[in-house]
Amino acid sequence: MRRLLTATAMVLATANLAAAEGALQLYNWGNYTSPELLAKFEKETGIKVTVTDYDSNDVALAKVEAGGSGFDLVVPSANYVPIWIEKGLIVPLDLAKLPNHANIAPEWRDVPWDPGRAYSVPWQWGSTGIAVNTKVYSGDINTSAVFLDVPPELVGKINVVPEMNDIVSLATMYVGGKPCSDDPEIMKKARDVLLAAKPNWISMDYGATERLSNGDWAGSVNWNGSTMRARLNTNGDVQYGYPREGYPLFMDSVALLKDATNVEEAYTFLDFIMLPENAAMISAFARYANGISGSDAFMPEDMKTAPEVVIPEEFRAAGTFLPTCTGKSLDYITAIWTELQK
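These remarks concern the structure in this document.

What follows covers the overall build of the protein chain. Across its full length, the protein chain carries 13 helices and 10 strands. In terms of overall dimensions, the protein chain is globule-like: its C-alpha atoms have a radius of gyration of 21 Å, near the 20 Å expected for 342 residues. With respect to the principal axes defined by its C-alpha atoms, the protein chain has extents near 75 × 45 × 35 Å. Relative to its 342 residues, the protein chain shows a buried fraction of 54%. In the protein chain, the share of contacts with a sequence separation of at least 24, taken over all contacts with a separation of at least 6, comes to 74%. When the accessible surface of the protein chain is summed, it comes to about 14800 Å², and 54% of that surface belongs to carbon and sulfur atoms.

Within this structure, the stated rule accounts for 1 disulfide. Linked covalently through their sulfurs, Cys 180 and Cys 325 form a disulfide whose S-S length is 1.9 Å. In this structure, the disulfide formed by Cys 180 and Cys 325 twists by about -90° around the S-S bond and is classed as left-handed. With Cys 180 in the loop between helix 6 (164–174) and helix 7 (184–197) and Cys 325 in the loop between strand 10 (319–321) and helix 13 (327–340), the pair connects residues that are 145 residues apart, well separated along the chain. In this structure, Cys 180 and Cys 325 share a single accessibility class: buried.

Looking at where Asn 100 falls in the secondary structure, it is placed in the loop between helix 4 (81–86) and strand 4 (120–133). Residue classification places Asn 100 among the buried positions, given a relative accessible area of 16%. Each residue touching Asn 100, except ones within four places of it in the same chain, is listed here: Asp 271, Met 274 and Leu 275.

This part takes up the packing of helix 7 against helix 13. Axis separation between helix 7 and helix 13 bottoms out at 10 Å; the angle between their running directions is 15°. Regarding the angle of helix 7 to helix 13, the classification is roughly parallel. The two elements helix 7 and helix 13 meet at a crossing, and its hand is right-handed. On helix 13, the residues touching Pro 184, Met 187, Arg 191, Leu 194 and Leu 195 of helix 7 are Tyr 332, Ile 333, Ile 336, Glu 339 and Leu 340.

A word on the pairing of strand 7 (residues 219–223). For strand 7, the tally of buried residues reaches 5 of 5 residues, placing the bulk of the element in the interior. Of the two faces of strand 7, both are covered, the one formed by Gly 219, Val 221 and Trp 223 as well as the one formed by Ser 220 and Asn 222. Relative to strand 7, strand 4 runs antiparallel, the two being bridged by 5 bridges. Bridge assignment links Gly 129 to a residue of strand 7, and that residue is Asn 222.

Within helix 3 (residues 57–65), the full set of buried residues consists of Asn 57, Ala 60, Leu 61 and Val 64. Buried residues of helix 3, viewed axially, fall in a sector of 95°; they line one side. Contact partners of the buried residues in helix 3: strand 1 (23–29), strand 2 (48–54) and helix 4. With its phi angle positive at about 90°, Gly 67 sits one or two positions after the end of helix 3.

Our next topic: empty space enclosed by the protein. Under the counting rule described, the total for this entry stands at 1 cavity of 30 Å³ or more. Lining the largest cavity are Trp 125, Gly 126, Ser 127, Asn 224, Ala 289, Glu 308, Val 309 and Ile 311. At 3 residues, strand 4 tops the list of elements feeding residues into the lining of the largest cavity. For the lining of the largest cavity, the class distribution of residues is 4 nonpolar, 3 polar and 1 charged.

Attention now goes to the pattern of salt bridges. Enumeration over the complete set of coordinates arrives at 12 salt bridges. For Lys 135, the salt bridge identified is with Asp 237, shortest N-O distance 3.7 Å. Here Lys 135, found in the loop between strand 4 and helix 5 (145–148), pairs with Asp 237, found in the loop between helix 9 (224–233) and strand 8 (238–241); they are 102 residues apart in sequence, far enough to count as distant. Here Asp 302 makes a salt bridge to Arg 287, at a shortest N to O gap of 2.6 Å. Remark: Arg 287 occurs in the loop between helix 11 (276–286) and helix 12 (313–316) and Asp 302 occurs in the loop between helix 11 and helix 12; sequence separation between them is 15 residues. Given the relative accessible area of 13%, Arg 287 is considered buried. Each of Lys 188, Arg 191, Asp 192 and Glu 339 takes part in salt bridges that share partners, so that together they form one network.

About the criteria used
Residues numbered from 1 in each chain as written. Predicted model: local features only at pLDDT ≥ 70, side-chain atom pairs only at ≥ 80, totals over all residues. Heavy atoms only, no water. Helix = DSSP H or I, 4+ residues; strand = E, 2+ residues; numbered from the N terminus. Rg over C-alpha atoms; globule rule 2.2 N^0.38 Å. Buried < 20%, exposed > 50% of the residue type's maximum accessible area, 1.4 Å probe, protein only. Contact = heavy atoms within 4.5 Å. Areas by Shrake-Rupley, 256 points an atom, 1.4 Å probe, with all protein chains shown as cover. Disulfide = S-S within 2.5 Å. Axes fitted to C-alpha atoms, helices over the stretch in contact; angles between N-to-C directions. Parallel < 35°, antiparallel > 145°, perpendicular 65-115°, else oblique. Left-handed = near helix turned anticlockwise from the far one by under 90°. Pairing = 2+ DSSP bridges. Arc of directions from axis to C-beta. 1 Å grid on protein atoms, 1.4 Å probe; cavity = no way out; pocket = protein on both sides within 12 Å on 5 of 7 lines; lining within 4 Å. Points joined across faces, edges and corners; volume = space filled by probe spheres on them. Nonpolar A, V, L, I, M, F, W, Y, C, P; charged D, E, K, R; others polar. Salt bridge = Lys/Arg side-chain N within 4 Å of Asp/Glu carboxyl O.

Don't take any of this as a statement about function, it's just geometry.
Right, here's the structure in full:
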């Protein structure tokens, strides 16, 4: 009987291994992964990719840190990559398995959050700003006052995306501070302006592309690519503003999880997305820039001059990549965010 049970266990283990081969589990932001890219990848490699969505960096981090997620790849933002590294949740990449690593554009090869690109490869990059339906509101959209001192036309009609560091940083810069400030007076001002504004918001939710497109929301703190998609869906009614008080820049990058099961499949996917034509497919779907040299030749024409993608000169200096907040600054941000959730 013991030999029979052992043989049965071996058969089941072999079957499970076979089921895992040719599969890949990608944990990514919602509405951010090109179906055409996945279809092309499966056709060329035979590897089936399953995508699971999340709506914030903190949700993704908590899910994986809890263990047993079953995911192979994750796509954290720049200021979160050091946290994933410190917690031992992602592993250094074997660059010998990534010949297309050389395609990473020079400006994205040695970044502060991942020196030498040891742990991650670029997915997309962009900014966090203000999306407004100009049929509803025709005032200045290049200011965080749109959601922090909500104009009457937008009261009860404006959303705030649920990304803690983006929202608190926008408020901190609005009151004259810098991201990751540990100045208690500055952080109190940021807290007060956020709590005073919240009753004028309709929600703190993720699905801005659809809800701005169909008119459920007249405005939102939102990311640039999502806003471009909404603009195209509304014949130009939705416009994107760059807060002159300061706004976050981001780059989301793909990293290999320490407990990944489909490691070789993950490497195949990582190398695949660093081919210029494939990076352009990612951008063509979600409407963000990518970090791969040569991809411009394959990009949609409307992205090459889009104001959501090409930051207007007058607003460039106001954009900043968020640092990784620690210590008192992180305590302040977390406390503010907790109050906003009540």
